[in-house]
Amino acid sequence: MSVDILRGLTIAFMILVNDPGDWAHVYAPLRHAEWNGWTPTDLVFPSFMFIMGCVIPFSLGSRIDRGVPSGELLAGIVRRSLILFGIDILLALFPHFDFANLRVLGVLTRFAVCYLICGTLFLKVRDIRVLCGIVATILVLYWVLLRFVPIPGIGMPGVDVAYLDDRNNIVAWMDRAFNDFCRKWFHFGHLYRIYRDPEGILSTFPALCTVLIGIVSGLVMKAASRNPDAPVVRRWALGGAGLFVLSFVVNAFFPFNKNIWSSSFVLLCAGIDIMALYALFILIDVRQVYRLSAAVRGFMMLSIIFGSNAIVAYCVSEFGSEILWDIHIMPQGQGIGEWVYRTVFAHWGSTELTSLFYACAYVALCFIPSFVLWKKKIVVKI
């Protein structure tokens, strides 16, 4: 239940920070860091990646334990990845279907690529030490790449251009090169920002580490379901705290940065997610504190309901936001969302508080489909 609760809390917070009533009035913790640094909002996407990794040992692992052929498992991994990619393309096109400015790189595309690679790797490698070694290798090589590899046409980081300049770094250069390739050969292409994309090509490699750390956590929790007092569980909890501390050490020479998914950012998010999941595991799965309080039970159930159909909640929030804000059918050319916000929530002026109230109302609205599905015992799986 702890994994389901963390997933539900994450999806609710994601909708909250993605859908304010007024982007000009948003509390600082509910904004992304512009470049280096981090805010609570920056933890949302990595937490989803981490949770996806946590679930793999339970979903794929149980099928492996039942003797399902690896070919059949691989086909399922590829199918799910293609569906995630297809949903992301549909979200990118909706509602105007402007193919010339199609953004191929996106949140669900990163999910699809990471699930394809990490799920396939899990079929062959399930040793925690080996997985941790792969993570460490990728994170070190990623730092070396950004620090010591010359940027084509720009020069050496720290010599010809500032180290980790927001436009002139190897990650941004690769994003622009990929976009130029798509425009030249396929006549479409668009980056989230003109000069880089937060879900770009090279930054997907450290994102793989976030999923792999989730897989390690899932393997530990699978063992913990049989024996909560197993030594590996305590080492996992201490490891989460260790990653959190280590992230601040690494931050001194490779700053926290979600835009490029820096190695320090991977360690920071993994440390926080592990500690949060361990706390939920002890409180909910082991000590079952929800038996002591109706309020805790209610909070727990709301989280589980939201998390049980996370992909539905995400799609409802994204498609709903496009319908409310990008289809202008209200007076003065407003979208429905803007009209509702200005008329109901910000009638006497827009502030950070009115913007937050709108976001909370939108979270509640997106909860309704998940609640209906949960009542009907329907779980939408890809």
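Now for a look at the structure at hand.

What counts, and at which threshold
- Residues numbered from 1 in each chain as written.
- Predicted model: local features only at pLDDT ≥ 70, side-chain atom pairs only at ≥ 80, totals over all residues.
- Heavy atoms only, no water.
- Helix = DSSP H or I, 4+ residues; strand = E, 2+ residues; numbered from the N terminus.
- Rg over C-alpha atoms; globule rule 2.2 N^0.38 Å.
- Buried < 20%, exposed > 50% of the residue type's maximum accessible area, 1.4 Å probe, protein only.
- Contact = heavy atoms within 4.5 Å.
- Areas by Shrake-Rupley, 256 points an atom, 1.4 Å probe, with all protein chains shown as cover.
- Lys, Arg positive; Asp, Glu negative; His and termini not counted.
- Charge placed at Lys NZ, Arg CZ, Asp CG, Glu CD.
- Phe/Tyr/Trp six-rings, centres within 6.5 Å; stacked < 30°, edge-to-face > 60°.
- Lys NZ or Arg CZ within 6 Å of the ring centre and 35° of its normal.
- Salt bridge = Lys/Arg side-chain N within 4 Å of Asp/Glu carboxyl O.
- Patch = residues over 30% accessible without salt bridge, like charges linked within 9 Å, V, L, I, M, F, W, Y side chains within 5 Å.
- Axes fitted to C-alpha atoms, helices over the stretch in contact; angles between N-to-C directions.
- Parallel < 35°, antiparallel > 145°, perpendicular 65-115°, else oblique.
- Left-handed = near helix turned anticlockwise from the far one by under 90°.

Turning next to the overall build of the chain. The secondary structure content of the chain amounts to 13 helices and zero strands. Tracing the chain from N to C terminus, the helices and strands come up as α-α-α-α-α-α-α-α-α-α-α-α-α. Rg of the C-alpha trace for the chain: 21 Å, near the compact-globule value of 21 Å for 382 residues, within the 12% margin. Considered along the principal axes of its C-alpha atoms, the chain spans approximately 65 × 60 × 40 Å. Counting over 382 residues, the chain shows a buried share of 47%. Taking as baseline every contact in the chain between residues at least 6 positions apart, the subset at least 24 positions apart corresponds to 71%. Element-wise, carbon and sulfur atoms account for 68% of the exposed surface of the chain, whose accessible area totals about 18,200 Å². Considering the chain, the positive charge centre built from 31 side chains and the negative charge centre built from 25 side chains are found 11 Å apart.

So, about the packing of aromatic side chains. Counted according to the given criterion, the structure contains 20 aromatic pairs. Judged by centre distance (5.3 Å) and plane angle (90°), the ring pair of Phe45 and Trp261 falls under edge-to-face. Taken together, the positions of Phe45 in helix α2 (residues 44–65) and Trp261 in the loop between α8 (231–251) and α9 (263–286) put the pair 216 residues apart, joining distant regions of the chain. One exposure class covers both Phe45 and Trp261, and it is buried. On the numbers, 5.8 Å between centres and 85° between planes, the contact of Tyr341 with Tyr358 is edge-to-face. Taken as a pair, Tyr341 in helix α12 (residues 336–345) and Tyr358 in helix α13 (residues 352–375) lie far apart in primary sequence, 17 residues in all. Accessibility classification places Tyr341 together with Tyr358 in one group, the buried group. Across the ring face of Phe148, the terminal group of Arg147 is positioned such that the distance to the ring centre comes to 5.3 Å.

Tracing the backbone shows Asp175 in helix α6 (residues 170–186). One buried charged residue, Asp175, forms no salt bridge at all, with the nearest opposite charge on Arg110 at 7.0 Å. Setting aside its immediate chain neighbours within four residues, Asp175 contacts Leu191, Arg196, Asp197, Gly200 and Ile201.

Here the focus is the pattern of salt bridges. Close approach of charged atoms allows side chains with opposite charge to pair. Taken as a whole and judged by the stated rule, the model has nine salt bridges. Arg342 is the partner of Asp22 in a salt bridge, and the nearest nitrogen-oxygen pair spans 3.9 Å. Pair noted here: Asp22 is in the loop between α1 (2–18) and α2 and Arg342 is in helix α12, with a separation of 320 residues, a long-range link. Under the relative-accessibility criterion, Arg342 is labelled partly exposed at 35%.

A cluster of nonpolar side chains, Leu74, Val78, Leu82, Val113, Leu116 and Ile117, forms an exposed patch at the surface whose accessible area comes to about 450 Å². Counting residues per element, the ones that place at least two in the nonpolar patch are α3 (70–93) and α4 (107–124). Turning to its location among the elements, Leu74 is positioned in helix α3. Among the residues examined, Leu74 registers a relative accessible area of 35% and is labelled partly exposed.

Bringing the side chain of Asn309 into the picture now. With respect to the helices, strands and loops of the structure, Asn309 is situated in the loop between α10 (294–308) and α11 (310–326). Asn309 sits in the buried class, given a relative accessible area of 1%.

To continue, consider the packing of α12 against α13. Packing of α12 against α13 leaves a shortest axis separation of 11 Å and a crossing angle of 120°. The orientation of α12 relative to α13 falls into the category oblique. Helix-helix and strand crossings are classified by hand; for α12 and α13 the assignment is right-handed. For the pair α12 and α13, contact is made by Gly337, Tyr341 and Phe345 and by Thr354, Ser355, Phe357, Tyr358 and Ala361, respectively.

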